[in-house]
Amino acid sequence: MSRRRTLGPKKKLALLLSAATVAGGGAFAMATTSNATPPAATTRSAADSTVCQGLATALGNNQKFIEGQRAAPDAQSGARIANREAVIAQIQRQQEASGCTVGESAQDSQAAQPQQPAPSQPAAGGQGGQASGEQVCNGSTVTLSGEGGAPAASSNRFPAGTKLKVTNLDNDKSTTVEVTSVSGSCVLLNDAAFEQVREAGKFLIRRAVIEKVG
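Residues numbered from 1 in each chain as written. Predicted model: local features only at pLDDT ≥ 70, side-chain atom pairs only at ≥ 80, totals over all residues. Heavy atoms only, no water.

A. How the structure looks around the nonpolar core. One finds V142, F158, V187, L189 and I210 to be the most contacted residues of the largest nonpolar core, which totals 31 residues. For this core, the elements supplying multiple residues, two or more each, are α2 (46-71), α3 (77-97), β3 (163-168), β4 (173-182), α4 (191-197) and β6 (208-213). For this core, the leading source of residues is α2, giving 6 residues. Other than its neighbours up to four places away in sequence, V142 contacts V166, V187, L189, F194, L204, I205, A208 and I210. (Core = buried A, V, L, I, M, F, W, Y, C linked by side-chain atoms within 4.5 Å. Buried < 20%, exposed > 50% of the residue type's maximum accessible area, 1.4 Å probe, protein only. Helix = DSSP H or I, 4+ residues; strand = E, 2+ residues; numbered from the N terminus. Contact = heavy atoms within 4.5 Å.)

B. Region of the structure containing the sheet that holds strand β5 (residues 188-189). One open sheet accounts for 6 strands, arranged β1-β6-β3-β4-β2-β5; its pairing is mixed. The open sheet has two free edges, formed respectively by β1 (134-136) and β5, since each of these has just one partner strand. As defined by bridge partners, strand β2 (residues 153-155) adjoins β5 across 2 bridges and the pair is classed as antiparallel. Paired with S154 across the bridge in β5 is L188. (Pairing = 2+ DSSP bridges.)

C. How the structure looks around the side chain of R198. By the secondary structure assignment, R198 is in the loop between α4 and β6. Residue R198 is classed as buried on the basis of its relative accessible area, which comes to 13%. Separated by 2.9 Å, the side chain of R198 and the backbone oxygen of K202 make a polar contact. Excluding its chain neighbours within four sequence positions, the residues that come into contact with R198 are N168, N171, K173 and F203. (Polar contact = N/O pair within 3.5 Å; in protein donor to acceptor, adjacent residues only side chain to side chain.)

D. Looking closely at the state of the cysteines. This model, assessed by the stated rule, comprises 2 disulfides. Paired through a disulfide, C52 and C100 show a sulfur-sulfur distance of 2.1 Å. Disulfide C52 to C100: torsion about the S-S bond roughly -85°, handedness left-handed. One end of the pair, C52, is in helix α2; the other, C100, is in the loop between α3 and β1, and 48 residues separate them in sequence. Here the two residues C52 and C100 agree in accessibility, since each one is buried. For the protein chain, the bonded cysteines connect in the pattern 1-2, 3-4 when numbered consecutively along the sequence. (Disulfide = S-S within 2.5 Å.)

E. Region of interest: the pairing of β4. With 3 bridges joining them, β2 and β4 adopt parallel strand pairing. Counted as the bridge partner of S155 is V182 from β4. Here β3 pairs with β4 via 6 bridges, running antiparallel. Within β4, the position partnered with T167 by the bridge is S174. The turn linking β3 back onto β4 is made up of 4 residues, and D172 within it adopts a positive phi angle of 60°.

This is the structure we're talking about:
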């Protein structure tokens, strides 16, 4: 006759504690793994923030323009609004592709900017030549309208036909363009003009000299 081995109370307690320790360790490992920050969830770099701010400013300027057209419409307002709505959709696609908050909007800032050279101190280099004129739009940042076509600018201050020279002090590039349309900002460059003075990957010029020439 075989004997069945029985475990005493102390051995049973020891086995239960051992099992609980193993289970607890597994649960701890799972919790640690689940709480770990995914590699992709990294902090947005300063460069990315500049890109997103530039896109937000461009979006805000177009929204401001649409508001102005709706507040004081004319015969061409419908077409202008439709055009800017298409531009806004394109900017939102750029925001998504750049990892920015889609739909984030900011109006063109007139806040104090780093000190800029006086009008008598011409900015260096660039495609705008050596022409120097009256410095305007002091303290304004410069971004893009999102419109295509040949290099041009839009403005809520200067009429069509006005020539403006925009210099990016961060890379000493400049361009002289003609105002061809109305916008919600002192000066907005279209895509082609902005490409002439931008820094790679940036949609905002923080330090700019804007001159009225010709």
